[in-house]
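Breakdown of the fold
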Amino acid sequence: TFTFLLYLSNCCEGGETVFLQCLEGDDVLAASGGVSAGHRVEVAAVAPMRGRLLLMPHACPHLAAPVVNVPKLLVRGEVLPPASDAFA
């Protein structure tokens, strides 16, 4: 399953979606929406820009940075890829 974010507004400061380092055990907890405890390094950040579409694995550890310039508007949804034999 993948999560998508479609940003509907610009944020000149703050509001980034920050991707975090995966830790051992995350894959086991992913099905229930959890992550393993422990310090995580920031790997990348995506700034909200109107019209930008962000697609990421649903289980990818991430956080939303505090919004300084409001409002931050977005649409969030889930995408379930078709089964591998769907096109056979």
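Look up a bit, the structure's there.
The structure contained in this document is the topic of the report that follows. Sequence order as written defines the numbering, with residues in each chain counted from 1. Residues qualify for local features only when their pLDDT is at least 70, as the model is predicted, and side-chain atom pairs are given and counted only at 80 or more; totals for whole chains, interfaces and linings, by contrast, use all residues. As a rule here, side-chain values come from all non-hydrogen atoms in the structure, and water together with hydrogens is ignored.

Remark: exposure states derive from per-residue accessible area (1.4 Å probe, protein chains only) relative to the maximum for the residue type, with buried under 20%, exposed over 50%, and partly exposed in between. Helix and strand assignments come from DSSP, with helices taken as H or I runs of at least 4 residues and strands as E runs of at least 2, each series counted from the N terminus. Here strand S1 (residues 2-7) shows a clear split, with Thr3, Leu5 and Tyr7 buried on one side and none of Phe2, Phe4 and Leu6 buried on the other. We treat two strands as partners when DSSP finds at least two bridges between them. Both S1 and strand S6 (residues 74-79) contribute to a ladder of six bridges, which runs antiparallel. Its bridge partner being in S6, Leu6 is matched across the sheet by Val75.

Below, the discussion takes up the nonpolar core. In this text, buried Ala, Val, Leu, Ile, Met, Phe, Trp, Tyr and Cys residues form a nonpolar core when linked through side-chain atoms within 4.5 Å. Of all hydrophobic cores here, the largest spans seven residues; its members are Leu5, Tyr7, Phe19, Val46, Leu54, Met56 and Cys60. Broken down by secondary-structure element, the contributors of at least two residues to this core are S1 and strand S4 (53-57).

Pairing is antiparallel across the open sheet formed by three strands, whose spatial order is S3-S2-S5. Edge positions in the sheet fall to strand S3 (42-46) and strand S5 (62-64), since each of these pairs with one other strand and no more. Averaged over all adjacent pairs, the angle separating strand axes in this sheet is 25 degrees, with direction ignored. Judged from the four bridges that link them, strand S2 (residues 17-20) and S3 form a sheet pairing that is antiparallel. Between N-to-C directions, angles span 0 to 180 degrees; the directions come from axes that are lines fitted to C-alpha atoms, helices contributing only their stretch in contact.

Mapping Arg40 onto the fold places it in the loop between helix H1 (26-29) and S3. On the basis of relative accessible area, Arg40 is assigned to the buried category, the value being 13%. Within 3.5 Å is the distance limit for a polar contact, defined as a pair of N or O atoms, with the added protein rule that one can donate a hydrogen and the other accept it, and that residues adjacent in sequence qualify only through two side-chain atoms. Side-chain polar atoms of Arg40 contact the backbone oxygen of Gln21, separated by 2.7 Å.

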